[in-house]
Structures are given as C-alpha cells and as structure tokens.
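Listed below, chain by chain, are the residues.
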Amino acid sequence: MTLQQLTYALQLQKYGNFGEAAHHLKISQPALSLQIGKLEKEIGLLIFDRSKSPVVATTEGRLFLDKASTIVHQANDLKEFAQNTGDSLTGKLKIGIIPTLAPFLVPLFAYSFQEKYPGISLDINEVITEKTVIGVRDGQLDAGILSTPIHASGVESHPLFYEKFYLYSSPNVPKRQRTLATIDYRKLWLLDEGNCFRDQVNDFCNVSKIRENKDFIYRSNSIDALIRIVDSKGGMTILPELTTLILNEEQEENISEINTGKTKAREVGLIKRPRTNKENMISVLMDHIVASIPKNMLNANKLEVVDPNIHMV
C-alpha cells in the first residue's frame, strides 16, 4: 500500500468516474484501474462498487477512505512542515476569497506578493462564505479571506482591515435624495439573498422593500454588475470601500457617504485552522495584504462594525 494508491482512491471517490479521476491525476484510465485493483487485492477489501454509475465506495470502502484521507493529509502536512522549517518559504497556499472582495482585493496584493516571495505559489479561489469556512476547516483551503467576525468551530480569524459602506448613485438621482432617509427602494439595487454583504446592509437598510412594486428585478451576485446597472438603468446601490478604488473620475462623483449616525463598516479578516504547518507563509501573506491596503482602512476607530452573523457549527 502506497500514499500514491491512497491518493488515487480518494480521487476516484471524489469524481465517481475512472476517466475523470485519471484525467485529474494526469495518468491513463487503465493505470488508475490497475493501481486501485492492486490496492484492493493487498488489503483484501472491495473499496468501490464498479457496477454503479457513478462509481461509489462500498460501506467498508467509505470507512477505509476516511482513514486514508487523514493519512494523506498528514503526509502532506509533514512534507509542508519540512519545506518551511528553514529560512526560505516555499510551497502552495490555497486561499478562498468571497466574491464581494476577490476582484477588488486580489489585484492589490497578489502580483507584488509573488515578486517578493517567489517560492510561494498562490492558488486563489473565489468562493462564497460558507464554502470558504468549510474548505478551511476541512483542509481543502489553507486560509480564507471574508467578512469577520465569524462564529465557527475549527477555525480562528484575524482582522486585516475595515471597509466603510458607500452609496453609489446614478447622476440622474438629485444629490439631496442620495441618503437612506429619502431612498426610493424601487430603485435600489443589491446583491441577491444569501450573500453576507447583503445581510450586513440589512443592518441599516430595510432590504425587504427592495423588490416591492419593481417592474425590473435583477438578481446578481456581482458588485461590478450592480455598478453597471446603476450606470445604465439608474437608481442606487451600496458599495464596500475597496470597490470605490476602481471607479473612474466620472463615477467617483456618484459616491456619497451613508449618514446613519456612526459610520457603518465591515471587518475583513483571514481565517485559518488553529494549527497549520503553513503558519509562516500565512503570516507573511497577512502582513503583505495589510501593507497593500490604504492606511485609513487599517483600524476601526470611529466606525461601527456590522456583524455578518456567520454562525457555523
């Protein structure tokens, strides 16, 4: 029994198809089938039921693969530990970043980070909050960048910076009407339900009114798309601060602060497992991100941080 065979078996379980698993592993389908057969013969256990499509693990096979997954993860951790015990930092970091952050944050740090740390390979995935937390907790991701604080077992969070919320209006909206107090909810565009940014906006904006009596409804998960809708269709939307950095001069004229007493903001943080062999790499990544962010966004002074209400067992 080898680690390679265990890895092959886990990939077959993941894809449920010899062809797809072999393609992902960059080997031939007969070679994969041969190795799985050798493994089953050696342990005296039928791991997969090949009569079904997709291929599924047998009852005993699932128990075996659960233990195999632990062993493969531990072996990878051991390899990464050895790589990062010296002065040099080498290896891959798999990072999940929520969609309302990724397009605006990644360009600020990713390229300069790779220039400074050429030994670290970044694998950045745009992933929703729930999948980011699960991915970090299960070891599929090394870290996640999302709206914090969060309440989830198996992960710890570290604040990075704070984004204020702004109103973005069409030029056709009179400046005196660019406030939440006078907002026309029929012309307010927000992200679709289930997005934590939308849930945070609900803290100071009655989102239940947004789709009442609308003759045009746009269900989007992209902040950039909402900006384009406002530019072409009119109305207003609410933007986090990093988003405003990519606006052109003409669009910047359409930004206004949200006056609801204390300035509302969201905290952006990094989550990771409490114990990881990639601690050094994650640490330099956090430092580099913070150094790439405008200094006025690095503390929460005079800001009211809106809780994203993320609770995961």
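First, a word on what this report is: a plain description of the structure on this page.

A look at a negative patch on the surface
Argument step 1. On the surface, Asp231, Glu249, Glu250, Glu252 and Glu253 cluster together into a patch of negative charge.
Argument step 2. Examining the composition of the negative patch, we find that three residues originate from one element, helix α10 (residues 249-252), more than from any other.
Argument step 3. Mapped onto the secondary structure, Glu252 falls in helix α10.
Argument step 4. Residue Glu252 is classed as partly exposed on the basis of its relative accessible area of 43%.

Focus: the pattern of salt bridges
Argument step 1. Per the counting criterion, the structure on display carries seven salt bridges.
Argument step 2. Salt-bridge contacts for Asp142 lead to Lys278; the nearest nitrogen and oxygen are separated by 3.0 Å. Residue Asp142 is located in the loop between α6 (129-138) and β5 (143-148), and its partner Lys278 is located in the loop between β11 (263-272) and α11 (279-292); the two are separated by 136 residues in the primary sequence. Considered together, Asp142 and Lys278 belong to a single accessibility category, that of buried residues.
Argument step 3. The salt bridge partner of Glu279 is Lys272, with a shortest N-O separation of 3.1 Å.

Some thoughts on the pairing of β11
Argument step 1. Here β11 lies mainly inside the structure; nine of its ten residues are buried.
Argument step 2. Relative to β11, β5 runs antiparallel, the two being bridged by five bridges. Counterpart to Gly144 in the pairing with β11 is Ile271.
Argument step 3. Note that β11 and strand β12 (residues 303-305) share three bridges and pair parallel. In the sheet register, Lys264 faces β12, and the bridge partner there is Glu304.

A closer look at the packing of aromatic side chains
Argument step 1. Evaluation of the coordinates by the stated rule reveals one aromatic pair.
Argument step 2. Pairing Phe113 with Tyr117 gives two aromatic rings, centres 5.0 Å apart and planes at 40°, and the pair type is tilted. Residue Phe113 shares its accessibility class with Tyr117, and that shared class is buried.

Quick notes on the environment of Ile238
Argument step 1. Inspection of the secondary structure puts Ile238 in strand β9 (residues 236-240).
Argument step 2. For the pair Ile238 and Leu226, spaced twelve residues apart in sequence, the C-alpha to C-alpha distance is 8.9 Å.

A few points about a nonpolar patch on the surface
Argument step 1. On the surface, a nonpolar cluster with roughly 250 Å² of combined accessible area is contributed by Leu108, Leu245 and Ile246.
Argument step 2. The residue Leu245 is located in the loop between α9 (241-244) and α10 in this model.
Argument step 3. Overall, Leu245 belongs to the partly exposed group, its relative accessible area being 46%.

Let's talk about the nonpolar core
Argument step 1. Phe109, Ile120, Ile145, Phe161 and Ile289 are the most contacted members of the largest nonpolar core, which totals 51 residues.
Argument step 2. Contacts of Phe161, omitting those with residues within four sequence positions, involve Leu101, Leu105, Leu242, Arg266, Glu267, Val268, Ile289, Ile293, Met297 and Leu298.
Argument step 3. Residues Leu25, Leu32, Leu65 and Ala68 belong to the second largest nonpolar core, which totals 20 residues.

How each quantity is defined
- Residues numbered from 1 in each chain as written.
- Predicted model: local features only at pLDDT ≥ 70, side-chain atom pairs only at ≥ 80, totals over all residues.
- Heavy atoms only, no water.
- Patch = residues over 30% accessible without salt bridge, like charges linked within 9 Å, V, L, I, M, F, W, Y side chains within 5 Å.
- Areas by Shrake-Rupley, 256 points an atom, 1.4 Å probe, with all protein chains shown as cover.
- Salt bridge = Lys/Arg side-chain N within 4 Å of Asp/Glu carboxyl O.
- Lys, Arg positive; Asp, Glu negative; His and termini not counted.
- Charge placed at Lys NZ, Arg CZ, Asp CG, Glu CD.
- Helix = DSSP H or I, 4+ residues; strand = E, 2+ residues; numbered from the N terminus.
- Buried < 20%, exposed > 50% of the residue type's maximum accessible area, 1.4 Å probe, protein only.
- Pairing = 2+ DSSP bridges.
- Phe/Tyr/Trp six-rings, centres within 6.5 Å; stacked < 30°, edge-to-face > 60°.
- Core = buried A, V, L, I, M, F, W, Y, C linked by side-chain atoms within 4.5 Å.
- Contact = heavy atoms within 4.5 Å.

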